[in-house]
Amino acid sequence: WAKSEGRGRWTVFDTERNDREVARYTLSAEMPAALHHGEFDVDYQPLVSLADGSVLGVEALVRWRHPRQGLIGPDRFIGLAEETGLIVPLGMYVLERACREAQRWSGSAEALGAPAAAPFISVNLAERQCHEPGLVRQVERVLAETGLEPERLQFELTESQIMATDGGPLERLRELAAMGVRIAIDDFGTGYSNLAYLRRLPVCELKIAGSFVEGLRKPGDADPVDARIVASLVELAHALGLTVTAEGIETAAQAERLRAIGCDAGQGWYFSRPGPPDRIATLLDGVPRAG
Ligand code: C2E
Ligand code: MG
Ligand code: MG
Ligand code: MG
């Protein structure tokens with residue numbers, strides 16, 4: 001039917017679309033070698049207590065240092081890696097690196113005389129990884145090799161992902177939780193949660209999506225609807241016995257409002273951008289800690 005619309009216009013449209021497809025295909029074809037050659041890197045962003053500013057946990061965020069295209073963010077390649085299945089070895093690579101870093105930080109917390117204050121490490125877990133029968137054994141192996149306690153590891157699964165979890169994947173999450181590994185729901189509020197279902201899952205933390213935090217930008221013109229949504233999400237989480245972290249905090253006003261609402265923790269540029277592991281080590285050394 002493209003011809004009947006007159007040639008020029010539809011040819012241009014198809015070409016652009018085709019270019020995008022080729023770019024996607026090229027990127028996904030390059031990924032296995034990139035993993036092999038160490039082009040993937042992990043940045044870390046702290047999860048901060050809104051009550052006292054201490055670092056409760058740290059999220060691991062993968063990046064691709066592409067030799068020609070420069071730094072590529074995960075939003076451009078995680079979906080592709082899910083499609084091809086490369087997310088399975090890539091996810092394991094991120095997990096290993098993250099656990100190793102977290103173990104180093106506990107060393108520096110211990111040196112400060114506060115071993116209990118060592119932050120947990122939070123790693124995003126893709127749906128495809130939950131379908132791997134060997135997931136639990138692999139996690140056990142990484143914990144054994146790095147010496148990290150299971151209680152110091154958290155997996156983040158998106159809300160829609162967790163709502164679709166059943167059968168083998170659900171059993172695996174339960175096994176991980178039974179080991180002591182923390183499970184968090186990422187981007188909460190963007191999907192459709194079945195509350196009865198939520199109660200059956202071994203979840204211990206809820207992360208409120210940054211899109212709701214955006215409306216709390218300034219004290220004066222904060223969106224009252226967003227404020228009420230966030231307040232009710234916090235209340236809901238606490239009623240379910242979960243802790244709550246708000247994502248995407250960019251201003252002091254947002255942090256203050258969230259603290260006033262009763263939100264437990266925050267993550268965002270206001271506290272720290274994601275950065276290399278040494279930045280986290282410096283941050284931990286600089287934070288005065290109770291013994
Ligand atoms: P996410 O898990 O919800 O991670 C939070 C995203 O928000 C990160 O984007 C982070 O850099 C960004 N962010 C943090 N603070 C702020 C802020 O104050 N303002 C704004 N506007 N953004 C902020 P990033 O690093 O681009 O990651 C995007 C998504 O890619 C992540 O969303 C996660 O779903 C996925 N991802 C990242 N690393 C991994 C991984 O190792 N495995 C899997 N499966 N997914 C990953
Ligand atoms: Mg996350
Ligand atoms: Mg998130
Ligand atoms: Mg996200």
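Everything numeric in this text was worked out from a predicted model, so none of it was measured. (Residues numbered from 1 in each chain as written. Chains lettered and ligands numbered in written order. Predicted model: local features only at pLDDT ≥ 70, side-chain atom pairs only at ≥ 80, totals over all residues. Heavy atoms only, no water.)

Novice: When you look at the overall build of the protein in this model, what are you seeing that I'm missing?
Specialist: Counting secondary structure elements, the protein contains 12 helices and 9 strands. Per-residue burial for the protein yields a buried fraction of 45% across its 291 residues. Of the contacts formed within the protein by residues at least 6 apart in sequence, a portion of 70% connects residues at least 24 apart. Total accessible area on the protein stands at roughly 14500 Å², and carbon and sulfur atoms take up 53% of it. (Helix = DSSP H or I, 4+ residues; strand = E, 2+ residues; numbered from the N terminus. Buried < 20%, exposed > 50% of the residue type's maximum accessible area, 1.4 Å probe, protein only. Contact = heavy atoms within 4.5 Å. Areas by Shrake-Rupley, 256 points an atom, 1.4 Å probe, with all protein chains shown as cover.)

Novice: Would you mind showing me how to read the environment of Arg 104 here?
Specialist: If you trace the backbone, Arg 104 turns up in helix α3 (residues 87–111). Leaving out residues up to four positions away in the same chain, Arg 104 has contacts with Pro 277 and Asp 278.

Novice: Whenever I open this one, the environment of Glu 132 confuses me. Can you help?
Specialist: When you line up the elements, Glu 132 lands in the loop between α4 (127–130) and α5 (135–146). Counting along the chain gives 44 residues from Glu 132 to Val 88, while the straight-line C-alpha distance between them is 8.1 Å. With near-sequence residues (within four places) excluded, Glu 132 lies in contact with Val 88 and Arg 172.

Novice: What exactly am I supposed to notice about the site of ligand 1 here?
Specialist: Every one of the 22 residues lining ligand 1 counts as a neighbour, but Arg 63, Asn 124, Asp 186, Glu 250 and Trp 269 are closest to it. Within the side chain of Asp 187, a nitrogen or oxygen atom sits 3.1 Å from an oxygen atom of ligand 1. Between ligand 1 and the protein, one listed contact pairs an oxygen atom with a side-chain N or O atom of Glu 247 at 3.2 Å. Alone, ligand 1 offers 810 Å² of accessible surface; in the complex the protein occludes 79% of this. (Near = heavy atom within 4 Å. Polar contact = N/O pair within 3.5 Å; in protein donor to acceptor, adjacent residues only side chain to side chain.)

Novice: How do you make sense of the coordination of the magnesium ion (ligand 2) when you look at a structure like this?
Specialist: Geometrically, a metal with four donors at the corners of a regular tetrahedron has ideal angles of 109.5 degrees, and one with six donors at the corners of a regular octahedron has ideal angles of 90 or 180 degrees. Here the magnesium ion (ligand 2) is held by the protein donor atoms Glu 59 (OE), Asn 124 (OD1), Glu 156 (OE) and Asp 186 (OD), which lie 2.0 to 2.3 Å from it. In this structure, the magnesium ion (ligand 2) lies 4.0 Å from the magnesium ion (ligand 3), and both are coordinated by Asp 186. One end of the pair, Glu 59, is in strand β2 (residues 55–66); the other, Asn 124, is in strand β4 (residues 120–124), with 65 residues separating them in the sequence. (Donors = N, O, S within 2.8 Å, 3.2 Å for Na, K, Ca; no water.)

Novice: What should I look at first to understand the pairing of strand β1 (residues 40–49) in this one?
Specialist: On any regular strand, side chains alternate: one points to one face of the sheet, the next to the other face. Burial runs high along β1: 9 of the 10 residues are buried. Here β1 pairs with β2 via 9 bridges, running antiparallel. Along β2, the bridge assignment pairs Pro 46 with Val 58. As consecutive antiparallel partners, β1 and β2 are separated by 5 residues, and within that stretch Gly 53 has a phi angle of approximately 75°, a positive value. Sheet topology note: the β1/strand β9 (residues 265–266) ladder contains 2 bridges and is antiparallel. If you follow Val 48 over to β9, its bridge partner there is Gly 266. (Pairing = 2+ DSSP bridges.)

Novice: How do you make sense of the packing of aromatic side chains when you look at a structure like this?
Specialist: In this description, a pair of aromatic rings is defined by centroid distance and the angle of the planes. Applying the stated criterion to the full structure yields 5 aromatic pairs. Measuring from centroid to centroid gives 5.0 Å for Phe 40 and Trp 64, while their planes differ by 35°, and the two rings are tilted. In this pair, Phe 40 sits in strand β1 while Trp 64 sits in strand β2, placing the two residues 24 residues apart along the sequence. On the basis of relative accessibility, which here comes to 1%, the residue Phe 40 falls in the buried class. Taking the ring centre of Trp 269 as reference, the NZ or CZ of Arg 273 above it sits at 3.9 Å. (Phe/Tyr/Trp six-rings, centres within 6.5 Å; stacked < 30°, edge-to-face > 60°. Lys NZ or Arg CZ within 6 Å of the ring centre and 35° of its normal.)

Novice: Got a minute to help me understand the coordination of the magnesium ion (ligand 3) in this structure?
Specialist: For the magnesium ion (ligand 3), every protein donor is listed as Asp 186 (OD), Asp 187 (OD), Glu 247 (OE) and Glu 247 (OE), and the spread of their distances is 2.0 to 2.4 Å. For the magnesium ion (ligand 3), all donor residues lie on one chain, and their spacing in sequence is D-D-x59-E. For Asp 187, a relative accessible area of 28% corresponds to the partly exposed category. Using a relative accessible area of 13% as the deciding quantity, one classes Glu 247 as buried.

Novice: Before we go on, may I ask you to explain the pattern of salt bridges in this structure?
Specialist: In a structure, side chains of opposite charge can pair up when their charged atoms sit close to one another. In total, this model carries 18 salt bridges according to the counting rule given. Across the salt bridge formed by Asp 278 and Arg 104, the nearest N and O atoms sit 3.5 Å from each other. You can see Asp 278 sitting in helix α12 (residues 277–286) and its partner Arg 104 sitting in helix α3, a full 174 residues away along the chain. Arg 152 serves as the salt-bridge partner of Glu 149, at 3.6 Å between the closest nitrogen and oxygen. Arg 152 gets classed as buried once you look at its relative accessible area, which sits at 9%. One network of salt bridges, with partners in common, ties together Glu 59, Glu 156, Lys 207 and Glu 247. (Salt bridge = Lys/Arg side-chain N within 4 Å of Asp/Glu carboxyl O.)

Novice: Before we go on, may I ask you to explain the packing of α5 against helix α7 (residues 167–179) in this structure?
Specialist: Axes are the key here: two packed helices are described by the angle between their axes and the distance separating the axes. Two numbers describe how α5 lies on α7: the axes approach to 9 Å, and their chain directions differ by 25°. When the interaxial angle is binned, α5 and α7 end up roughly parallel. Between α5 and α7 lies a crossing whose hand is right-handed. Counting all contacts with α5, which are made through Leu 135, Val 136, Arg 137, Val 139, Glu 140 and Leu 143, the residues of α7 involved are Arg 172, Glu 175, Leu 176 and Met 179. Residues that form the contact of α5 with α7 fall into these classes: 6 nonpolar, no polar and 4 charged. (Axes fitted to C-alpha atoms, helices over the stretch in contact; angles between N-to-C directions. Parallel < 35°, antiparallel > 145°, perpendicular 65-115°, else oblique. Left-handed = near helix turned anticlockwise from the far one by under 90°. Nonpolar A, V, L, I, M, F, W, Y, C, P; charged D, E, K, R; others polar.)

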